[in-house]
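Now for the letters of each chain:
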Amino acid sequence: MNMSATFTPARAVAQHCAELTERGPRPEERAEHLAAWRRDVAREVAADMSDLLSGTKLEASVSEPEAMSGEKVFATIGAVAANSLLRCGADDQTALLSFEVETAIALTDRSFGGSGEPVLDIVTSLPRSAGLLVEQAARHIAQAIARVSAGGGSSGAVDGDVVVRSESAKRLKPFGPACECVLLRIELTAPDGTSWSAKLAMPRERLDSLLPGMGTAPPVRSEPDPAAQMAAFGTMPLPLEAVLAQVDLSLARLERLSPGDCIPLAVARDVPLRMGATTVALGSLGTREDRMALRLTAVPQVRIAA
């Protein structure tokens, strides 16, 4: 019997994309990842917030996520609250963190050695001191999420910060009203039983991207060409600011500021020209064509990330 015959396929072999052939995590696997993430975030938040609240040793918990639309998240938070848009990952993942105004004031009171009990009066706006405290608390929570999501714990790489704050959650535009979101509740409890809570909301798929071990391994990437990378952003306008003077004020003085107050300023001889926190040049003040101008005197060698 001759076995050397060549056979031709009856039809083309199917070619499936990776999204169809790669298996995602099973529901029980996702539940395990989520439970571990909630536990680790609670531990990190408790440690960081304990330092913020006058060394009070706190316990923290993160609830199971509640599925809801973006519009329902905004309704749950309310029209006025201490809201922060957090950057909590290396890929600029953002999340919405919200404290009730009464909770923000109570946390501020605790940070100054008070009882931290919620205020009984109806408060319609956030005092300046409470705003500063909330920003610090939000930064701690963002960094805790970033550490845990990077899989590094306390020694992992930190890429968490507060992007912007507002008393209106909708104004921050963290997601659209029709977006499928999840809402988690962060509960902080002091040894005397006093507790404070915050709401953490984000699109559902973003939560999955923050869970360590979820998804497939990232593809191997070649090193980018720095020149080509810079060329792509070469025409992008970047906001620069010339810092004429800096002044230190106590929190008590800050609370007493009112229109008409005079604050003395000492203009430095070398005025820094900054992009964010990076000084890109130094210069001296002058005028040009009846406008204030800055004559550059030094340009440090700084590396600006694209």
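Heads up: the structure comes first, above all this text.
Calculation criteria
- Residues numbered from 1 in each chain as written.
- Predicted model: local features only at pLDDT ≥ 70, side-chain atom pairs only at ≥ 80, totals over all residues.
- Heavy atoms only, no water.
- Buried < 20%, exposed > 50% of the residue type's maximum accessible area, 1.4 Å probe, protein only.
- Helix = DSSP H or I, 4+ residues; strand = E, 2+ residues; numbered from the N terminus.
- Pairing = 2+ DSSP bridges.
- Axes fitted to C-alpha atoms, helices over the stretch in contact; angles between N-to-C directions.
- Left-handed = near helix turned anticlockwise from the far one by under 90°.
- Contact = heavy atoms within 4.5 Å.
- Nonpolar A, V, L, I, M, F, W, Y, C, P; charged D, E, K, R; others polar.
- Parallel < 35°, antiparallel > 145°, perpendicular 65-115°, else oblique.

Help me understand the pairing of strand S3 (residues 82–88) in this model?
In summary, the side chains of a regular strand alternate between the two faces of the sheet. With 6 of its 7 residues buried, S3 lies for the most part within the structure. Of the pairings in the sheet, the one linking S3 to strand S4 (residues 94–99) comprises 6 bridges and is antiparallel in character. Residue leucine 85 lies in a different strand from S4, and its bridge partner there is leucine 96. Relative to strand S5 (residues 160–166), S3 runs antiparallel, the two being bridged by 6 bridges. Among the inter-strand pairings, leucine 85 is bridged to a residue of S5, identified as valine 164.

Explain the packing of helix H2 (residues 27–52) against helix H5 (residues 128–149) to me, please; I cannot follow it from the model alone.
Angle between the axes and distance between the axes: these two values describe a pair of packed helices. Interhelical geometry of H2 versus H5 gives an angle of 145° and a closest axis separation of 9 Å. Relative to H5, the crossing made by H2 is right-handed. Counted together, Trp37, Asp40, Val41, Glu44, Val45, Asp48, Met49 and Leu52 of H2 and Leu133, Gln136, Ala137, His140, Ile141, Ala144, Ile145, Arg147, Val148 and Ser149 of H5 form the full contact between these two elements. Of the residues that constitute the contact of H2 with H5, the class distribution is 11 nonpolar, 3 polar and 4 charged.

Hey, could you run me through the packing of helix H4 (residues 101–111) against H5 in this one?
Running from N to C, H4 and H5 point in directions that differ by 85°, and their axes come no closer than 9 Å. Regarding the angle of H4 to H5, the classification is roughly perpendicular. On H5, the residues that touch Ala104, Ile105, Leu107, Thr108 and Ser111 of H4 are Ser129, Ala130, Leu133 and Val134. Partitioned by chemical class, the residues of the contact of H4 with H5 number 6 nonpolar, 3 polar and no charged.

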